[in-house]
Amino acid sequence: MIGNILITIAFIGAVFSGLMYFLNYRGYQNTLNFARIAFHTMATSTILASVFLLYLILTHQFQYKYVYSYSDTSLPLGLLISTFYAGQEGSFLLWALWMAIIGVILQQYTAVRGDLEPRVMAVYSLVQSFLLLMITPMVKNPFALIYSEPFMATANTINSQLLKLPILADYIFSDKATGQLYVKIDQSLVSALQSAGISLREFIINGRGLNPLLQNFWMQIHPPVLFIGFASMSVPFAFAFAALIKNDYKEWIKQSFPWILFASMVLGLGIMLGGYWAYGVLGWGGYWAWDPVENSSLIPWIVSVAAIHTMLVQKKTANENSIGAFAKTNLVLVILSFVLVLYSTFLTRSGVLGDASVHSFVDPGYFAYLLLLIFMGTFIALGAGLLIYRWKYLQQITPPQNKLLSREFALFTGSVVLGASALVTFLGTSAPILGKSVQVEFYNKMNLPLGIIIGLINGLSLLIKWKETEGKELLRKSTFSLVSSIILTIIMFIAGVKDFNMILFAFASAFAFFVNAEIAYKIIRRNLEKAGAYIAHMGLALLFIGVIASSKYDKSIDVNLVKNEPADVFGYKMIFTGYSPTEDGKYAFKILIEKDGKQYEAAPIMYYSEFNQGIMRNPDIVPFVTKDIYISPLSYDDGTSSSSSEGTTLQIKKGEKVKYGESEIEFVSFNFPQDAMQKMMAGGDFEIGVKLIVRNYGSKYEIEPKYGIRNGERIDEPTRIKDANIQISVQSISANEGAVSLTVGPYSSETKTSEVKREVLAVTASIKPFVGLVWLGTVVIVLGFFIAMVRRTKESRV
């Protein structure tokens, strides 16, 4: 009840505040104080509602549906706090909380800058109104009691001493498929319990718990940072909208510039923290999988970065007689940045990507789905409508840019390329809505040439002067960077970067790095505050180089490690030495890694999750300065299972042919189901087909033996061809290398179940060269953004 009251007060406060601010802008001077009081009432209520939800979680109040659904008594404090935003309702409340806190700062910021406050805060309050509406008692809120609608609780979360009560006979149900017992909790059961003198809190003694995939240190950091980015992206939108309302475009760039720098910095950091989480926990084997939900956050970030560059041009070219260049472009990009955040929210929260992304929330219900559509549609309509209304005037007052060899044009070109990258990612991400999907290669192929152009423009734009530059001067200024870039590219070529497009990407990234490093070195000695952009660009170049090395030139192979028997993996001796239980009930599988007399130890984790009803796998990483050794567990055989795999082991790459007896075996391709990755990450069963062609005395056989996990164990079934006297099973695959390891033997009509005495741990072992540059680049980018933000904040006071 308390939570619902607080949320309702906050919602009413946001609506009233927005209305009063708008009336104040329209000339009703006496409404300003009402607007401020209402806004601070909203902020206070939102903060109190958040504190109350946290209190419910920390004190294990499982009579609340949200607390029951996402937490339990076994979680450590940090993860218990993170259950605040583990579900849809809590994450909306977290977003609203950041909006409230940022809004208080924004109100103070705008209150001392002319008539900015009523225009900006009216729009900002409207955004907050929609967010709070999503978690009011009318829709879905985190303060709903568990019996507000019939709810099936698992019996193991109920006080076992009370389960035998006669009054429960009609409320206990059994799932015949799993044998799991459930207790139906509704109003009638609660009334019966109360009649027996039993409180609901005594009855429900534990919660369902947190998804094991979310039980990681980075879960405590990644979502809050991402939601700060979402919340802060609404601020530059409010500034742009305020400028359109007044039809005055001279000051909004300067006033909003530090805010869009902050929003981009935090959103970008949140995205990369998610990448680090995926790398270290989910076992993707990488930090970026072009997952639709990942992409949906990336798209507004790219657009906001494009906006920053054209806003810089407008700020630089503005004077007493002109609003500056690219005024229309800036309004469009800033509005798009926020609208795309809403689109990201719609994709994540509406359930439309439920089958396409591991991140997606489940279907929130028709009403919430409709509200999300209205939320997004309202701001698209408002932004587009006002832009169209002002467009003709904006065309008249925006000066043209016709100097091609100028920094203005170079920055605009860079923004266009960034926009193209955002568009490509947008189209691929939205494809599942239309019942289609694109492969990872689509994003890689389409974005690679754009990345090359971005790297080159990044460097060139800083060598070109504002207004106009002579060609000879450009060549002279670029000599150091060009020579350094060529040398570094040659080094990378010798190190193994052979692909032509990757060579170009490496050169462009190196060029961007050296240009920015040369300028930053000169500026930092005079004034650090002016070096922010160059530092951020250096970080981006480092990140690009890290991406080239770690994603394109990594090595990966599936290998069976027999206990205490060394295996040679990419020049390292790996020995599986056994496993031991961890403090939290999981199993750490110890692998000794040796090379050049030095020893390292990896301990990937596997365990059975009651929550997911499947085997969960967490990789382990052995970091080095120049690379990571990444080991992801696949399966474990304790030596008591039977095996049908007997014969010769053959390793074969895609397109190659090998001979076995009188047969020729050709590896054609993998049959990789779209949902295989999601199932692997969710700890479920999965199957990957290996398409082979077997030729024998003029006959041709097309077969597809399977690789994967079935019922928690690795698939070990040979595909038999009687007429060719051959049977083939898949021992391991290396998708990155396009290779498989096959066990090939003579045809046998019966499965030979020989007793296997050895313990075997199957893992995917990978070498990730220079992946550390990705994380270093991210840190440097954030540092650069922060320095630039401090500088632009000071300028906004002038």
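The structure displayed is predicted, hence computed values, not measured ones. (Residues numbered from 1 in each chain as written. Predicted model: local features only at pLDDT ≥ 70, side-chain atom pairs only at ≥ 80, totals over all residues. Heavy atoms only, no water.)

Draft legend 1. Layout of the overall build of the chain. For the chain, the count of helices and strands is 21 helices and 25 strands. Here the C-alpha radius of gyration of the chain, 30 Å, is about what a compact globule of 798 residues would show, namely 28 Å. When burial is assessed residue by residue, the chain has 55% of its 798 residues classed as buried. Pairs at least 24 apart in sequence give 69% of the contacts found in the chain among residues at least 6 apart. Taken as a whole, the chain presents about 35200 Å² of accessible surface, with 60% of it coming from carbon and sulfur. Charge-centre separation for the chain: the mean point of 65 positive side chains lies 12 Å from the mean point of 57 negative side chains. (Helix = DSSP H or I, 4+ residues; strand = E, 2+ residues; numbered from the N terminus. Rg over C-alpha atoms; globule rule 2.2 N^0.38 Å. Buried < 20%, exposed > 50% of the residue type's maximum accessible area, 1.4 Å probe, protein only. Contact = heavy atoms within 4.5 Å. Areas by Shrake-Rupley, 256 points an atom, 1.4 Å probe, with all protein chains shown as cover. Lys, Arg positive; Asp, Glu negative; His and termini not counted. Charge placed at Lys NZ, Arg CZ, Asp CG, Glu CD.)

Draft legend 2. Looking closely at the pattern of salt bridges. Taken as a whole, this structure holds 18 salt bridges when the rule is applied. Residue aspartate 248 is joined to lysine 246 by a salt bridge in which the shortest nitrogen-to-oxygen separation is 4.0 Å. Classification of aspartate 248 as partly exposed rests on a relative accessible area of 31%. A salt bridge links lysine 563 to glutamate 759, with the nearest nitrogen and oxygen atoms 3.4 Å apart. With lysine 563 in the loop between strand S4 (555-562) and strand S5 (567-569) and glutamate 759 in the loop between strand S24 (754-755) and strand S25 (760-769), this pair connects stretches of sequence that are 196 residues apart. Sharing partners across several salt bridges, the network here consists of Asp115, Arg119, Lys246 and Asp248. (Salt bridge = Lys/Arg side-chain N within 4 Å of Asp/Glu carboxyl O.)

Draft legend 3. Summary view of the confidence of the model for the chain. In this model, the chain carries an average pLDDT of 86, and 91% of its residues clear a pLDDT of 70 or more. The secondary structure element of the chain with the lowest average pLDDT is S24, at 49, and the one with the highest is helix H2 (residues 32-58), at 96. (pLDDT = per-residue confidence, 0-100.)

Draft legend 4. The arrangement of the sheet that holds strand S1 (residues 151-154) in detail. Read across the open sheet, the 3 strands follow the order S1-S3-S2; overall the sheet is antiparallel. Strands at the two margins of the open sheet, each flanked by one partner only, are S1 and strand S2 (172-174). On average, each strand axis in the sheet is tilted by 40° relative to the strand beside it, whichever way the strands run. Note that S2 and strand S3 (residues 181-185) share 3 bridges and pair antiparallel. Its bridge partner being in S3, serine 174 is matched across the sheet by leucine 181. (Pairing = 2+ DSSP bridges. Axes fitted to C-alpha atoms, helices over the stretch in contact; angles between N-to-C directions.)

Draft legend 5. The arrangement of the packing of aromatic side chains in detail. Enumeration over the complete set of coordinates arrives at 42 aromatic pairs. Centre to centre, the rings of tryptophan 95 and phenylalanine 227 are 6.1 Å apart; their planes meet at 45°, and the pair counts as tilted. You can see tryptophan 95 sitting in helix H5 (residues 88-111) and its partner phenylalanine 227 sitting in helix H9 (residues 222-246), a full 132 residues away along the chain. Grouping residues by exposure puts tryptophan 95 and phenylalanine 227 together as buried. Taken together, the aromatic side chains of Phe217, Trp218, Tyr276, Tyr279, Tyr287, Tyr630 and Trp775 make up a single cluster linked through ring pairs. (Phe/Tyr/Trp six-rings, centres within 6.5 Å; stacked < 30°, edge-to-face > 60°.)

Draft legend 6. Fine view of the nonpolar core. One finds Trp95, Ile185, Phe203, Ile204, Phe239 and Trp252 to be the most contacted residues of the largest nonpolar core, which totals 189 residues. Once residues lying within four places of it in the same chain are set aside, the contact partners of isoleucine 185 are Ile146, Tyr147, Glu149, Pro150, Phe151, Ala153, Ile158, Val190 and Ile204. The next biggest cluster of nonpolar side chains, apart from the first, holds 26 residues, and it includes Leu650, Val658, Phe670 and Val744. (Core = buried A, V, L, I, M, F, W, Y, C linked by side-chain atoms within 4.5 Å.)

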